[in-house]
Structures are given as structure tokens and as C-alpha cells.
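Listed below, chain by chain, are the residues.
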Amino acid sequence: MQRNIINIRRCSANSTLLDKIKIGDLVTDEFGRSGKVKNIEKILRTREVHYYFHLGKSGTVLIIL
């Protein structure tokens, strides 16, 4: 099964796009981090939502909305 690479851009990211990302998807960001999503954390704050996409060896992509 072939999966598309999801490009996450911080300036245009929204909760709809980020909620569609699942474990096992391939993601990349504008700073060069890319890889397969190993774990996802979604932390709700008072006025913010923090999305952590753990990519294994490439590190973590953090998006704050």
C-alpha cells in the first residue's frame, strides 16, 4: 500500500489537516524533518492545541494552533 507524503507547513496548518494524520503516515515539514509517524500527542491548553508528531530518528514535529 502506497501512502502519500503529507507536507506540514506551519503558516497554513489547521486542525482539520493535523487531525487527519495517523500513525504510519509519512510527513515532512519546511525545516527538512521527514519520516514515518511513530506516535502522536495532542495536548489541549486553554487557548492552544499542541500537536506532537514523533518521527523516530528524525525527531519531533511540533505544531501549535
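Look up a bit, the structure's there.
Residues numbered from 1 in each chain as written. Predicted model: local features only at pLDDT ≥ 70, side-chain atom pairs only at ≥ 80, totals over all residues. Heavy atoms only, no water.

Colleague: Just checking my understanding: could you explain the pattern of salt bridges for this structure?
Modeller: Where charged atoms of side chains with opposite charge meet at close range, the side chains can pair. Under the definition given, this model contains 3 salt bridges. Residue Glu30 is joined to Arg10 by a salt bridge in which the shortest nitrogen-to-oxygen separation is 4.0 Å. Here Glu30, found in the loop between strand E2 (26-29) and strand E3 (34-36), pairs with Arg10, found in the loop between strand E1 (5-8) and helix H1 (15-20); they are 20 residues apart in sequence, far enough to count as distant. Judged by relative accessible area, Glu30 falls into the partly exposed class, the value being 37%. In this structure, Asp19 engages Lys42 in a salt bridge whose closest nitrogen and oxygen atoms are separated by 3.4 Å. Of this pair, Asp19 sits in helix H1 while Lys42 sits in strand E4 (residues 39-44), and the two are 23 residues apart along the sequence. When salt bridges with common partners are traced through the structure, they connect Arg10, Asp29 and Glu30 into a single cluster. (Salt bridge = Lys/Arg side-chain N within 4 Å of Asp/Glu carboxyl O. Helix = DSSP H or I, 4+ residues; strand = E, 2+ residues; numbered from the N terminus. Buried < 20%, exposed > 50% of the residue type's maximum accessible area, 1.4 Å probe, protein only.)

Colleague: Any chance you could explain the nonpolar core here in plain terms?
Modeller: Core analysis: the biggest nonpolar cluster contains 12 residues, these being Ile6, Ile8, Ala13, Leu18, Ile21, Val27, Val37, Tyr51, Phe53, Leu55, Val61 and Ile63. Of all the secondary-structure elements, those providing two or more residues to this core are E1, strand E5 (49-54) and strand E6 (60-64). Setting aside chain neighbours within four positions, we find Phe53 in contact with Ile8, Leu18, Ile21, Val37, Asn39, Ile40, Gly59, Thr60 and Val61. (Core = buried A, V, L, I, M, F, W, Y, C linked by side-chain atoms within 4.5 Å. Contact = heavy atoms within 4.5 Å.)

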